[in-house]
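Residue-level structure breakdown
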Amino acid sequence: MTEAVTTVTASLNKFEKFKAEKDGLAVKAEIEKFASIGWEAMDETDRDHRLKWVGVFFRPVTPGKFMMRMRMPNGIVTAAQMRVLAEVVQRYGDDGSADITTRQNIQLRGIRIEDLPEIFHKFHTVGLTSVQSGMDNVRNITGDPVAGLDANELFDTRELVQQIQDMLTNKGQGNPEFSNLPRKFNIAITGGRDNSVHAEINDLAFVPAFHEDGEKDFTPTPYHSSSKVFGFNILVGGFFSAKRCEAAIPLDAWVSPADVVAVCRAVLEVFRDHGLRANRQKSRLMWLIDQWGLEKFRSEVEQRLGKPLLPAAPKDEIDWEKRDHIGVYKQKQPELNYVGLHIPVGRLTAEDMFDIARLADVYGNGEIRLTVEQNVIIPNIPDSRLVLFLAEPLLEKFSIDPQPLTRSLVSCTGAQFCNFALIETKNRALKIIKALEEDLELTRPVRIHWTGCPNSCGQPQVADIGLMGTKARKNGKAVEGVDIYMGGKVGKEAHLGTCVQKGIPCEDLQPVLRDLLIQHFGAKPRQEALVTH
Ligand code: SRM
Ligand code: SF4
C-alpha cells in the first residue's frame, strides 16, 4: 500500500476500511470454501459483515444458525419459489422459520453455512436471489402489493420495480457498481392512490402525479386525463435511524415512467460518489442533501441523468386512505378476486409456506404477494372457487377478518434473533394485543407497531401507536421497556408520529395501552360496552 492510500484508509471508519480492503460481493466466489471450512473457521469480517452482500446474516444470538434475507421485487413470489423457501427452512426443524418483513420481503432462519451452495443453486433454478440485500446496498424495492389487480390503480409498478432490481443487481448476479454505497438505501414506487409502500420513509420514492408538460410514453388507463401525462413526483431523503428520523422531502422533480430506472441510477451514482462516509450515523442520503442543499443535489442528479428534470407536478395523486388489503376484494379482471390473509407478526413455519403455495396454485394462478404490513395476498381466485377457498383450514390460522388490533399489528424481529434488540417484540406484541382485545371492544383498527430498538425496523413512527424498545427502570432495577410514539399518519398526507411517553416498563404496558385506546381510539371496556348495548 502506498503512503497516501494508508493515510486515507486510516481516516476511514471500520466499515469503509473493510469495504476498501475487499468488496463485499467478493464472498460470492467463496461460498463453497466457507461451506467446507464451517462458520467457526471463517474470517470474522467475511462472516459477520461481507456475507450480508449475498443476503446471509450471522446471528450472534444464535451462532451458526444464519438468517437469509431475500429480494422480492414488488413483494411478488411464485408458489414454486415459496416451496423452495419452505424446503430450505424445513430441514432445520424447530430452528427453521421465515418472516415477512416490513419491506414486502422474506427472511429465512436457521440456515447452516454448509448448506449455502445447495441453497444458492436451488434459488437459481427458480429465479430467486438474495444478493445485495444487506449492509451498504439497496434494500428490497417496494411497489403496490395489488399492482395489476387494482381497478383504481394509476400505474402497474411491477415491471419498473423488476427493472430497477435488475439494474442494481445485474439481474441477480451482483453488481459491483452499486455494492459499495456509503450506507443502506431504500427505494419505493407507488402507482396506486393510497401510498401503500410508505413512500415517505424511503431514501428515494416515486409517487403518482400528472404533468402538463410530460412526454406520453405509455398506454393511458381510464384515470388519465387527456391534457396531462402520467408520471411520478420524486421524494428524497426519507429515513429512520437511531439518531435521526426524517420524512422524505420533494425533490421538485417529475419523471415519466420511462425515465424512472435512469433516475434511480443517477441518484445512486451521486450518493455512491459523494455521500458522506466518515460517520456511519451521518451517511444516509439526507445528510448529503443537508450538506449540499436540495438545488445542488438536484442539479448533480440531472448531470448524471444527462438531461434536466421537469419541475414536480403541483399535486400528487395520493388521495386515498391507506388500505391493508386484508379480506376479499374484486380485481379489475372480471370474475377474479384477491384475498389478503393476516399473518400474525409475519411469522411463517415451513408448513405454512407449503400451504400458502398450495392455495396459490390450487385456487389462484400460483402467485403470492406480500405487504409491508407483513401479510400475504393470494390473487386471481375466480368467483367460482372463492367459497371453497374461504373454507380452507389455513384461513383459521391466517384470518381474512382478524380482530381490529391484531389486524394492524406489525413487529420487527426483536431479541429472539436480533442482537441490536433491547426487548423481545413479536411474541410479546401478540400476547398483549390478545389480552387487550379480550378486555376492550374496538370499532376500528388501530395500527400498533413494535420495534425492538431505535433502529426502527418496525416503523413505530408511521403507527397510530408505535412502541420502541428501550431500557426502563422499575424499583431501581433495569427492565425491558418502551418509548411510546403517536400520531403517525399513512396514506394521503402521510407524516411521522412523535415520542409521547418514555421508558414504560413492558410489564406495565398493557394498562397504559388500554388507556390510550380508550382515550384516543374510541375503545370501550367490554363490560361497559355490554351495558351500553
Ligand atoms: Fe432493519 C438493521 C431487520 C426494515 C432500519 N434491520 C437491521 C438488522 C439487519 C440488524 C442486524 O444485523 O441484526 C436486522 C436483522 C434482524 C433479523 O435477524 O431479522 C433488521 N429491518 C429488519 C426487518 C427484518 C424488520 C422486520 O421484522 O420486518 C426489515 C427487513 C426489511 C427488508 O426486507 O430488507 C427491516 N430496517 C427496516 C426499516 C423499515 C423500512 O425499510 O421501511 C428501517 C427504517 C427505515 C430506514 O432504513 O430508513 C430499518 N435496520 C434499520 C437500521 C437503521 C438504519 C440507519 O440508517 O441507521 C439498522 C441498523 C443499521 O443499518 O446500522 C437496521
Ligand atoms: Fe433488530 Fe432493532 Fe431492527 Fe428490531 S428495530 S430488527 S431490534 S435492529
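Look up: the structure comes first, before these words.
These lines cover the structure that appears in this document, whether it is placed above or below.

So, how was this worked out
Residues numbered from 1 in each chain as written. Chains lettered and ligands numbered in written order. Predicted model: local features only at pLDDT ≥ 70, side-chain atom pairs only at ≥ 80, totals over all residues. Heavy atoms only, no water. Near = heavy atom within 4 Å. Polar contact = N/O pair within 3.5 Å; in protein donor to acceptor, adjacent residues only side chain to side chain. Helix = DSSP H or I, 4+ residues; strand = E, 2+ residues; numbered from the N terminus. Nonpolar A, V, L, I, M, F, W, Y, C, P; charged D, E, K, R; others polar. Donors = N, O, S within 2.8 Å, 3.2 Å for Na, K, Ca; no water. Pairing = 2+ DSSP bridges. Contact = heavy atoms within 4.5 Å. Axes fitted to C-alpha atoms, helices over the stretch in contact; angles between N-to-C directions. Buried < 20%, exposed > 50% of the residue type's maximum accessible area, 1.4 Å probe, protein only. Salt bridge = Lys/Arg side-chain N within 4 Å of Asp/Glu carboxyl O.

**Some details on the site of ligand 1**
Looking at ligand 1, there are 32 residues lining it, with Thr101, Arg109, Lys184, Thr413 and Cys457 nearest. Thr102 is positioned such that a nitrogen or oxygen atom in its backbone is 2.8 Å from an oxygen atom of ligand 1. Between ligand 1 and Asn186 there is a distance of 3.2 Å, counted from an oxygen atom to a side-chain nitrogen or oxygen. Elements with a contribution of two residues or more to the shell around ligand 1: β2 (66-69), β5 (106-111) and β9 (239-240). Its residues placed into classes, the shell around ligand 1 shows ten nonpolar, 13 polar and nine charged.

**Quick word on the coordination of the iron atom of ligand 1**
Within the protein, a single donor atom binds the iron atom of ligand 1, namely Cys457 (SG) at 2.3 Å. Within the secondary structure, Cys457 sits in the loop between β19 (448-451) and β20 (465-474).

**Observations regarding the sheet that holds β20**
Read across the sheet, five strands follow the order β17-β19-β20-β21-β22 without closing on themselves; strand pairing throughout is mixed. Among the strands making up the open sheet, the edge pair consists of β17 (410-411) and β22 (498-505). With five bridges joining them, strand β21 (residues 477-486) and β22 adopt antiparallel strand pairing. Across the sheet, the residue bridging to Ile484 is Gln501, located in β22. Here helix α15 (residues 426-439) sits on the sheet and contacts β17, β19 and β21; the angle it forms with β19, its principal contact strand, is near 150°. Packed on one face of the sheet, helix α16 (residues 509-521) meets β19, β20, β21 and β22 and runs near 15° to β21.

**Considering the environment of Glu321**
Structurally, Glu321 can be placed in the loop between α10 (294-305) and β12 (327-330). Given the relative accessible area of 46%, Glu321 is considered partly exposed. Among residues more than four places away in sequence, those in contact with Glu321 are Asp194, Lys489, Val490 and Lys492. Within polar-contact distance, the side chain of Glu321 engages the side chain of Lys489 at 3.1 Å.

**Here's the deal with the site of ligand 2**
The local shell around ligand 2 consists of Cys412, Thr413, Gly414, Cys418, Phe420, Ala421, Thr451, Gly452, Cys453, Asn455, Ser456 and Cys457. A breakdown of the residues in the shell around ligand 2 according to their chemical character gives six nonpolar, six polar and no charged.

**Observations concerning the pattern of salt bridges**
Taken as a whole, this structure holds 53 salt bridges when the rule is applied. For Asp46, the salt bridge is made with Lys22, and the minimal N-O distance between the two is 3.0 Å. One end of the pair, Asp46, is in helix α4 (residues 44-48); the other, Lys22, is in the loop between α2 (14-21) and α3 (31-37), with 24 residues separating them in the sequence. Overall, the relative accessible area of 21% leaves Lys22 in the partly exposed class.

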